[in-house]
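# Examining the three-dimensional arrangement
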Amino acid sequence: MINQQQLWDEDAAKQYDTPGEGMFSPEVLGPTVEVLSRLAGNGPAVEFAIGTGRVAIPLWEAGVQVSGIELSHAMISRLREKVGEDHIPVVQGDMTEAAAGENFSLAYLVFNTIANLLTQDEQVRCFQNAARHLASGGRFAIELWVPQLRSLSPGHRGTVEVSEPGYLLVDTYDVLRQHVISHHVRFGPELSDGRDARIGRTPHRYVWPSELDLMARMAGFELEYRWADWDHSEFTAESRSHVSVYRLAAP
């Protein structure tokens, strides 16, 4: 299995940011920051797997005090090129156990990142760590995709998720362990004579919304909101992703 610390190396950190495009586009970041800012209220927020600061920096610019936890030294270094430790402090470590402080009003984990934890136990411990960071009544917000197992044909273990000029995304499933590996294939004339391709792989453990809710309950949370996206659209049986907000119950 792919090692997460090796996965998010210097090369990945350099290629991660796409200013103004994709997940960095205003139409993606705007609603995300707006919702997180409202959920934080007047209190501080902590981002698990803060990465290069895609969400944390605009959230801090919106007036929210933000701290972070990040496993990858390379991702933190890229963040530090954009904002200093005095503005957004970051603890390097595993989000299942690293401590960035206490009494936060909001902890959040975006862009499917809880699925980077490859066992159910690790995902449960992530919820427990979030609870340790929060004040009573604090919230834990998670953005996550819904497993698309209905798209698997009988006898097949993979699906083509994206097919466009220069890029192909193929997901392969291990339904016994709830694992999926995304194979990112990039090709085109810029790679040698156009016949070569570059392949990157990212592993995940997919989680059903009901399983996520049970993990939350085990850590003392209650589901407060669930939307299909940051725009508060209704979550339905056809939704391909969700934003779930859990509130920490009073002791």
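Check the entry above for the structure.
Here is a short report on the structure shown in this document. (Residues numbered from 1 in each chain as written. Predicted model: local features only at pLDDT ≥ 70, side-chain atom pairs only at ≥ 80, totals over all residues. Heavy atoms only, no water.)

## A short note on helix 3 (residues 26–40)
- Between its terminal C-alpha atoms helix 3 stretches 20 Å, which fits the 21 Å expected from 15 residues at 1.5 Å a residue.
- Buried within helix 3 are the following residues: Leu29, Thr32, Val33, Val35, Leu36, Leu39 and Ala40. An end-on view of helix 3 places all buried positions within 170° of arc, on one side of the element. Exposed and facing more than 90 degrees away from the buried side of helix 3 are Pro26, Glu27 and Glu34.
- The elements touched by buried residues of helix 3 are helix 4 (56–61), strand 4 (104–109), strand 5 (134–145), strand 10 (221–227) and strand 11 (241–248). (Helix = DSSP H or I, 4+ residues; strand = E, 2+ residues; numbered from the N terminus. Expected span 1.5 Å × (residues − 1). Buried < 20%, exposed > 50% of the residue type's maximum accessible area, 1.4 Å probe, protein only. Arc of directions from axis to C-beta. Contact = heavy atoms within 4.5 Å.)

## Description of unusual backbone geometry
- Of note, Gln178 is a non-glycine position whose phi angle comes to about 60°, a positive value.
- With respect to the element layout, Gln178 can be found in the loop between strand 7 (167–174) and strand 8 (179–187).
- On the basis of relative accessibility, which here comes to 18%, the residue Gln178 falls in the buried class.
- A positive phi is found at His232, a non-glycine position, where the angle reads about 70°.

## Focus on the sheet that holds strand 8
- Spatial strand order, 6-7-8-9: four strands in an open sheet with antiparallel pairing. Only two strands of the sheet have a single partner each, and these edge strands are strand 6 (158–164) and strand 9 (197–205). Along the sheet, successive strands turn relative to each other by an average axial angle of 15°, direction set aside.
- Taken together, the eight bridges between strand 7 and strand 8 define a ladder with antiparallel strand orientation. Following the sheet pairing, Tyr167 is matched in strand 8 by Arg186. (Pairing = 2+ DSSP bridges. Axes fitted to C-alpha atoms, helices over the stretch in contact; angles between N-to-C directions.)

## Here we look at the side chain of Glu70
- You can see Glu70 is positioned in strand 2 (residues 66–70).
- A distance of 2.7 Å separates the side chain of Glu70 from the backbone nitrogen of Gly51, its partner in a polar contact.
- For Glu70, the residues in contact, after removing those within four places along its chain, are Ala49, Ile50, Gly51, Met75, Ile76, Val90, Val91, Gln92 and Gly93. (Polar contact = N/O pair within 3.5 Å; in protein donor to acceptor, adjacent residues only side chain to side chain.)

## Quick look at the environment of Ala62
- Residue position: Ala62 is located in the loop between helix 4 and strand 2.
- Taking the C-alpha atoms as reference, Ala62 lies 7.4 Å from Ser37; in sequence the two are 25 residues apart.

## Comments concerning the packing of aromatic side chains
- With the rule as written, the count across this model stands at eight aromatic pairs.
- Summarising the aromatic geometry, the rings of Phe127 and Tyr246 are spaced 5.7 Å apart at their centres and angled 80° between planes, so their arrangement reads as edge-to-face. Placement of Phe127 in helix 6 (residues 120–133) and of Tyr246 in strand 11 is noted, with a sequence separation of 119 residues between them.
- Overall, Phe127 belongs to the buried group, its relative accessible area being 0%.
- Given the relative accessible area of 1%, Tyr246 is considered buried.
- Ring geometry for Tyr225 and Trp227: centres 5.2 Å apart, planes at 15°, overall stacked.
- Sitting over the face of the ring of Phe111, Arg54 holds its NZ or CZ atom 5.2 Å from the ring centroid.
- The ring of Phe235 carries Arg226 above its face, with NZ or CZ at 5.9 Å from the centroid. (Phe/Tyr/Trp six-rings, centres within 6.5 Å; stacked < 30°, edge-to-face > 60°. Lys NZ or Arg CZ within 6 Å of the ring centre and 35° of its normal.)

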